[in-house]
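Spelled out from the first residue to the last, the chains are:
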Amino acid sequence: MTSDESVSASFKRAAAERAVDFIQPGMVVGLGTGSTAAYAVRRLGALLSAGTLKDVVGVPTSKATEALAASLGVPLTTLDVHPVVDLTIDGADEVAPDLSLIKGGGGALLREKVVAQASRREIIVVDAPKLSPRLGTKWPVPVEVLPFGWRSQALFLESLGARVVVRLALDGAPFHTDQGNVVLDCDFGPISDPAALAAKLESRAGVMAHGLFLNLTTDLVVAGPEGITHRVRGA
């Protein structure tokens, strides 16, 4: 790990651990996916193990998060048992000033969005470099598509102006999500109207989810050289 990566990791950890402070006994908590969310899961596990926090159950957004939480002794549940989540802690790849997001770098965008939409409170934790003047400036939009006919979805996305790259696994084969779908990373450049783009993506059969998370974030916790800041949507 380079010195820059080490600093970034320390900021991610600080933001994630700060977000865990919002968890109260008796809550159902959505557990995000990715390196930043993993810090929150580890902190939650430590608090539960120490008895500092009690009667909390987690809803994991991926098999990887489920395995991590289980290894730490975090009690787990499902949306079938608890269809309403008190709060979710998750990371993001890019955050615009209005708290809209690009997510899905970890490949769990469909499950993450399902849990986010079921949550009363969606707390996003990032390090300062994830802040952006406009979505698409720093990160492509992941689009999760059915394996069936995925090349036709790639052509559709290109017709919308995207430069499309098929996400690959470590073995060089197409990456598959926990749902068995393919992820197409779509570079649209800075997106002038994310809501309009989201509507076009959602109208397409075969597109199972996209990484534009709009009007879902309630809280943003950012860690950087100047410390930790907490923003609330609309404040």
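Criteria and thresholds
The written sequence of each chain sets the order in which its residues are numbered from 1. It should be noted that, the model being predicted, local features are given only for residues of pLDDT at least 70 and side-chain atom pairs only at 80 or more, the latter also being counted only at that level, while totals for whole chains, interfaces and linings use all residues. Calculation of side-chain values draws on the structure's entire complement of heavy atoms; hydrogens and water are dropped beforehand. UniProt positions are given in the numbering used here, feature names are shortened, and annotations may be inferred rather than shown by experiment. Where helices and strands are cited, they refer to DSSP runs of H or I of at least four residues and of E of at least two residues respectively, numbered from the N terminus. Atoms counted for the radius of gyration: C-alpha only. Globule rule: 2.2 Å times the number of residues to the power 0.38. Only protein chains enter the area calculation, which uses a 1.4 Å probe; residues under 20% of their type maximum are buried, those over 50% are exposed, and those in between are partly exposed. Two residues qualify as a contact provided that any one of their heavy atoms is within 4.5 Å of a heavy atom in the partner residue. Residues scored as positive are Lys and Arg, those scored as negative are Asp and Glu, and His as well as the terminal groups of each chain are ignored. Where a charge lies is defined by one atom per residue type, namely NZ (Lys), CZ (Arg), CG (Asp) and CD (Glu). A residue counts toward a patch only above 30% relative accessible area and without a salt bridge, and it is joined to like-charged neighbours within 9 Å or, for Val, Leu, Ile, Met, Phe, Trp and Tyr, to nonpolar neighbours within 5 Å. To measure how exposed things are, a 1.4 Å probe is used in the Shrake-Rupley method; for residues, cover is taken only from the protein chains shown. Between Lys or Arg on one side and Asp or Glu on the other, a salt bridge is scored when a side-chain nitrogen of the former is within 4 Å of a carboxyl oxygen of the latter. The reported arc concerns the directions from the helix axis to the C-beta atoms and nothing else. Axis definition: a line fit to C-alpha positions, over the contact stretch in the case of helices; interaxial angles, taken between N-to-C directions, run 0 to 180 degrees. With respect to orientation, any angle under 35 degrees is reported as roughly parallel, any angle over 145 as roughly antiparallel, any angle of 65 to 115 as roughly perpendicular, and every other angle as oblique. Working rule for handedness: look at the near helix, and if it is turned counterclockwise from the far one by less than a right angle, call the crossing left-handed; if clockwise, right-handed. Strands pair, by our definition, only if DSSP identifies at least two bridges between them.

Looking up the protein chain in an unreviewed UniProt entry gives the name Ribose-5-phosphate isomerase A, with the organism given as Corallococcus macrosporus. Regarding the protein chain, the UniProt comment filed under Subunit (unreviewed entry) reads as follows: "Homodimer." Per its UniProt entry, the protein chain bears the Pathway (unreviewed entry) comment "Carbohydrate degradation; pentose phosphate pathway; D-ribose 5-phosphate from D-ribulose 5-phosphate (non-oxidative stage): step 1/1."

Turning our eyes to something else, we now look at the overall build of the protein chain. A count of helices and strands for the protein chain gives six helices and 13 strands. A globule of 235 residues ought to have a C-alpha radius of gyration of about 18 Å, and the protein chain, at 17 Å, matches this closely. Along the first, second and third principal axes, the C-alpha atoms of the protein chain reach 55 × 40 × 35 Å. Looking at the protein chain as a whole, 50% of its 235 residues qualify as buried. In the protein chain, 75% of the contacts between residues at least 6 apart in sequence involve partners at least 24 apart. Taking the average place of the 22 positive charges on the side chains of the protein chain and the average place of its 25 negative ones, the gap between the two points comes to 1 Å.

Here we come to a nonpolar patch on the surface. On the surface, a nonpolar cluster with roughly 320 Å² of combined accessible area is contributed by Leu146, Phe148 and Met208. Among the structural elements, phenylalanine 148 can be located in the loop between strand 7 (141-145) and helix 5 (150-159).

Now for helix 5. Residues of helix 5 that are buried include every one of Trp150, Gln153, Ala154, Phe156 and Leu157, and no others. Projected down its long axis, helix 5 carries its buried residues within an arc of 160°, all on one side. The exposed residues of helix 5 that point more than 90 degrees off its buried face are Arg151, Leu155 and Ser159. Turning to helix 5, the residues buried within the fold contact strand 7, strand 8 (163-166), strand 9 (182-187), helix 6 (194-202) and strand 10 (207-210). Of the residues trailing helix 5, glycine 161 is marked for its positive phi of about 105°.

Attention now goes to the pattern of salt bridges. One pass over the structure, following the stated rule, counts ten salt bridges. Arginine 120 is the partner of aspartate 86 in a salt bridge, and the nearest nitrogen-oxygen pair spans 2.7 Å. Of this pair, aspartate 86 sits in the loop between helix 3 (63-71) and strand 3 (87-90) while arginine 120 sits in the loop between helix 4 (109-117) and strand 6 (122-127), and the two are 34 residues apart along the sequence. Residue classification places arginine 120 among the exposed residues on the basis of a relative accessible area of 58%. Here arginine 163 makes a salt bridge to aspartate 187, at a shortest N to O gap of 2.8 Å. Highlighted residues: arginine 163 in strand 8 and aspartate 187 in strand 9, separated in sequence by 24 residues. Note on arginine 163: relative accessible area 57%, which makes it exposed. When salt bridges that share partners are traced, they join Asp90, Lys103 and Glu112 into one network.

Where helix 2 (residues 35-50) contacts helix 3, the axes come no closer than 9 Å and their chain directions differ by 25°. The orientation of helix 2 with respect to helix 3, classified from their angle, is roughly parallel. Once helix 2 is placed against helix 3, the crossing between them reads as right-handed. The residues of helix 3 that touch helix 2, namely those facing Ala38, Val41 and Arg42, are Thr65, Leu68 and Ala69.

Glancing now at the UniProt feature "active site" (unreviewed entry) in the protein chain. Following the UniProt record, one finds the feature "active site" (unreviewed entry) at Glu112. Mapped onto the secondary structure, glutamate 112 falls in helix 4. If sequence neighbours within four positions are ignored, glutamate 112 has contacts with Thr33, Thr61, Asp90, Lys103, Gly104 and Phe213.

The next point concerns the sheet that holds strand 9. Across the sheet, four strands lie side by side as 8-9-7-10; this open sheet has antiparallel pairing. On the outer flanks of this sheet lie strand 8 and strand 10, each paired with one strand and no other. Taking the axes of each pair of neighbouring strands and ignoring which way they run, one obtains an average angle of 30° across the sheet. Alignment of strand 7 against strand 10, held across three bridges, turns out to be antiparallel.

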